[in-house]
Amino acid sequence: MAALAKGSVVAVIGSGAMGSGIAQVAAASGYTVKLFDTRAEAVDKAIADIGKVYGKLVEKGRMSGADADAARSRLHGVAGLAEVADARLVVEAIVENLDVKRSLFAELEAIVGDDAILATNTSSISVTAIAAKLRKPQRLVGMHFFNPVPLMALVEVISGLATDAAVAGTVYDTSIAWGKNPVHAKSTPGFIVNRVARPYYAEGWRLLNEQASDAATIDAVMREGGGFRMGPFELMDLIGHDVNYSVTESVFRAYYNDPRFTPSVMQLEMVNAGFLGRKSGRGFYDYGEGAVAPQPCSEAPQPLPEYIGYSFEPGDHTAIATMLIERLKARGISVTKRNSAEGHRSSEAPAFHCNGAAIYLTDGRSATRRARDDKHDDMVVYDLVFDFNASPRIAIACSDQCNPRAMDSAIGMFQAAGFTVTRLDDVPGLAVMRTVAMLANEAADAVNQGVCSAQAADVAMQKGVNYPRGPLAWADMVGVKHIVTVLENLASSYGEDRYRVSPLLRRREQSGARIHA
Ligand code: NAI
């Protein structure tokens, strides 16, 4: 398969936020673009705006003046669909409505040549359904860009049931020629990103609902601990709670009320209140002039414990705890290997010890449950972070019966390692761990159901929503076995089918293999 040749005519139908971005990118990549919209003024505005963007790129030295002029000259507004007859590729970015999209494509089919490719930028409608009434449904494919198109590299190339593989291949290669990072996916509700990303919001809502902490604190943990560019609440404020809620609800309905996708009643209340986020001036945060941003909760400094012990063999199978030892040692803190006969040691997992506290990476049990299971009251659990060598913040929780002195020692240990410590209420799986486990679980299900490859799932989440690491690569890093344990413990803590383990994760756990080869 090869990309459409440079200079080929690409028609973009709909010149709103997405259509104008697509036109900008295609023209800058050497393609002749014909832009159409039922509102002629929208076409004029888009062309003027794109011209200004090219101008700014020239000012910043990211595009030469000659290239900008050439790109501008390749961009044409057209007044009627008849003028796109010579298009080799038509990308539709009009209103999100099945009937309107179907009738547009039916009209286009009678205008363009037989070998022209028809692509839809739909984010939520079945590509199979859009194609169903066409004379040649095999030439229709999804070409799903992300907003803002010029900045987001991902294109999901979506094949409906009838889509010809060669058509999807040409669109894939053409996306590369446009400087994009495409992935193949099957037409299923939410495709890859809008499905796999659901737990990022949903687990945030659940943490808030269970009063793990406030929104600003959970956001800070996900950002500074998890390495995500934005926490779930600030991100939903940006997306708009009305939009985010309706995507969640449509994915939930599309999967016949699968509890994994259950929307949040708290979010519905935000929508009911008109607290839609940035666009309404208020969401979780206040965007009014002079509003003061709430500060995340962080623990006050605690002294360095006189003694920090650990009871495991440092190495690959205890990679996370080993990195913590290294982080402490790099700051001149002495950490002592404990004799296995010494004190509390009922669990196989790597533990740290100071002042009676047993400190474990969360395995999806609350600290209180673990204290009971291990018959050790002073239990502290710590969250996953993006990089145990460098992440600036970590969340921890302690058992209800934990002695405050033991808790403070654990806080002191993490502070000595250079973390800002946030204490969450004792919710199972803490914040980053349960979110990453659920993201990996959803990605694994998409792979298991043939929606996309593991590679595509990870690329999609990194390039479409800027995740710091693909969820499946992250599961491999933590260890699939541990991720499965986290999910099982969440399932037994909540008694909900929502946390059921994907058959693919289960199989990898059983074989001991990684998800990525
Ligand atoms: P928009 O509302 O900014 O632009 C849509 C444009 O289509 C408007 O200018 C409208 O006049 C025009 N239009 C409506 N019906 C038309 C027709 N029959 N023929 C020609 N033009 C028509 O919408 P936006 O955000 O650009 O979205 C467009 C499509 O892209 C939708 O299918 C949406 O689901 C999808 N999408 C949107 C994303 C986003 O973040 N906004 C992300 C990915 C996909």
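Quick note: structure is the one above.
Structure report, in brief. Values in this document were obtained by computation on a predicted structure and should not be read as measured data.

Some words on the overall build of the protein
From N to C terminus, the protein includes 20 helices and 15 strands. Against the 2.2 N^0.38 benchmark of 24 Å for 517 residues, the protein shows a C-alpha radius of gyration of 26 Å, consistent with a compact globule. Each of the three principal axes of the protein carries a C-alpha extent, and together these read 80 × 50 × 45 Å. Considering the protein as a whole, with its 517 residues, one finds that 55% of them fall into the buried category. Sequence-distant contacts, at least 24 apart, represent 70% of the contacts inside the protein between residues at least 6 apart. When the accessible surface of the protein is totalled, it reaches about 20900 Å², and 52% of it is carbon and sulfur. For the protein, the centre of its 53 positive side-chain charges and the centre of its 58 negative side-chain charges are spaced 3 Å apart.

As for the packing of helix α19 (residues 480–494) against helix α20 (residues 503–511)
Running from N to C, α19 and α20 cross one another at 130°; their axes reach a closest spacing of 9 Å. When the axis of α19 is compared with that of α20, the two are oblique. α20 is crossed by α19, and the crossing has left-handed handedness. Of the residues in α20, those touching α19 at Val-480, Lys-481, Ile-483, Val-484, Leu-487 and Glu-488 are Leu-505, Arg-506, Arg-508 and Glu-509. Residues belonging to the contact of α19 with α20 are distributed by class as follows: five nonpolar, no polar and five charged.

Structural notes on the sheet that holds strand β11 (residues 351–354)
Spatial ordering of the open sheet is given by β10-β9-β11-β12-β13-β14-β15, a layout of seven strands whose pairing is mixed. Edge positions in the open sheet fall to β10 (336–337) and β15 (420–423), since each of these has one partner strand only. Here strand β9 (residues 309–310) runs beside β11; their pairing, made up of two bridges, is antiparallel. Bridging from a neighbouring strand, Gly-309 pairs with His-353 of β11. Contacts between helix α15 (residues 404–416) and the sheet are confined to β11, β12 (357–361), β13 (379–382), β14 (393–398) and β15, with β14 contributing the most and set at about 165° to the helix.

Notes on the pattern of salt bridges
One pass over the full model with this rule turns up 29 salt bridges. For Arg-393, the salt bridge goes to Glu-224, with nearest N and O atoms at 2.9 Å. Placement of the pair is Arg-393 in strand β14 and Glu-224 in helix α9 (residues 215–225), with a sequence separation of 169 residues. Assessed through its relative accessible area of 25%, Glu-224 is described here as partly exposed. In this structure, Glu-509 engages Arg-506 in a salt bridge whose closest nitrogen and oxygen atoms are separated by 3.3 Å. In this pair, Glu-509 and Arg-506 both sit in helix α20, three residues apart, roughly one turn of the helix. With relative accessibility at 27%, the residue Glu-509 sits in the partly exposed group. The structure contains a network of salt bridges with shared partners spanning Asp-363, Arg-365, Arg-370, Arg-372, Asp-373 and Asp-374.

Describing the sheet that holds strand β2 (residues 32–36)
An order of β3-β2-β1-β4-β5-β6-β7-β8 is seen for the eight strands of this open sheet, with the pairing classed as mixed. Edge positions in the sheet fall to β3 (75–77) and β8 (181–186), since each of these pairs with one other strand and no more. Along the sheet, successive strands turn relative to each other by an average axial angle of 25°, direction set aside. With respect to the sheet, helix α2 (residues 40–59) is in contact with β2 and β3, its orientation differing from that of β3 by roughly 160°.

Some points on the packing of aromatic side chains
In the structure shown here, the tally under the stated rule is 18 aromatic pairs. Between Tyr-255 and Phe-261 the ring centres are 5.1 Å apart and the planes differ by 25°, which places this aromatic pair in the stacked class. Cluster of aromatic residues (ring-pair linked, three or more members): Tyr-200, Tyr-201, Phe-228, Phe-386, Tyr-467 and Trp-474. Positioned over the ring face of Phe-419 is Arg-327, at 3.6 Å from the centre of the ring. Between Arg-498 and the ring centre of Tyr-499, over which it is positioned, the NZ or CZ distance is 5.4 Å.

Here we look at helix α13 (residues 319–330)
Between its first and last C-alpha atoms α13 spans 16 Å; for twelve residues at 1.5 Å apiece the expected length is 16 Å, and the two agree. Inspection of α13 places Ile-320, Ala-321, Thr-322, Met-323, Leu-324, Ile-325, Arg-327 and Leu-328 among the buried residues, and these make up the whole buried set. Of the surrounding secondary structure, the elements contacted by the buried residues of α13 are β9, β11, β12, β13, α15 and α18 (471–478).

With respect to the site of the ligand
Contacts to the ligand come from 20 residues, most closely from Met-18, Asp-37, Glu-96, Lys-101 and Asn-121. Side-chain polar atom of Glu-96 to an oxygen atom of the ligand: 2.5 Å apart, as the coordinates give it. Between the ligand and the protein, one listed contact pairs an oxygen atom with a side-chain N or O atom of Asn-147 at 3.3 Å. Residue classes in the shell around the ligand are distributed as nine nonpolar, seven polar and four charged.

Side note on the pairing of β13
Residues Met-379 and Val-381 point to one face of β13 and Val-380 and Tyr-382 to the other, with burial holding for every one of them. In terms of strand pairing, β12 meets β13 through four bridges, oriented parallel. What sits directly across from Leu-361, in β13, is Tyr-382. In this region the chain leaves β12, passes through helix α14 (residues 367–374) and returns to the parallel neighbour β13; the handedness of that crossover is right-handed. Two strands pair when backbone bridges link them, and β13 and β14 are joined in this way by three bridges, in the antiparallel orientation. Directly across from Val-380, in β14, lies its bridge partner Cys-398.

Digging into the side chain of Glu-156
Within the secondary structure, Glu-156 is located in strand β7 (residues 154–159). Buried charge without a partner: Glu-156 forms no salt bridge, and the closest opposite charge is Arg-195, 10 Å away. A distance of 3.2 Å separates a polar atom in the side chain of Glu-156 from the backbone nitrogen of Ile-192. If we ignore the near neighbours within four places in the chain, the residues touching Glu-156 are Gly-142, Met-143, His-144, Phe-146, Val-183, Phe-191, Ile-192 and Val-193.

The rules we used
Residues numbered from 1 in each chain as written. Predicted model: local features only at pLDDT ≥ 70, side-chain atom pairs only at ≥ 80, totals over all residues. Heavy atoms only, no water. Helix = DSSP H or I, 4+ residues; strand = E, 2+ residues; numbered from the N terminus. Rg over C-alpha atoms; globule rule 2.2 N^0.38 Å. Buried < 20%, exposed > 50% of the residue type's maximum accessible area, 1.4 Å probe, protein only. Contact = heavy atoms within 4.5 Å. Areas by Shrake-Rupley, 256 points an atom, 1.4 Å probe, with all protein chains shown as cover. Lys, Arg positive; Asp, Glu negative; His and termini not counted. Charge placed at Lys NZ, Arg CZ, Asp CG, Glu CD. Axes fitted to C-alpha atoms, helices over the stretch in contact; angles between N-to-C directions. Parallel < 35°, antiparallel > 145°, perpendicular 65-115°, else oblique. Left-handed = near helix turned anticlockwise from the far one by under 90°. Nonpolar A, V, L, I, M, F, W, Y, C, P; charged D, E, K, R; others polar. Pairing = 2+ DSSP bridges. Salt bridge = Lys/Arg side-chain N within 4 Å of Asp/Glu carboxyl O. Phe/Tyr/Trp six-rings, centres within 6.5 Å; stacked < 30°, edge-to-face > 60°. Lys NZ or Arg CZ within 6 Å of the ring centre and 35° of its normal. Expected span 1.5 Å × (residues − 1). Near = heavy atom within 4 Å. Polar contact = N/O pair within 3.5 Å; in protein donor to acceptor, adjacent residues only side chain to side chain. Right-handed = clockwise from strand over helix to strand, strands pointing away.

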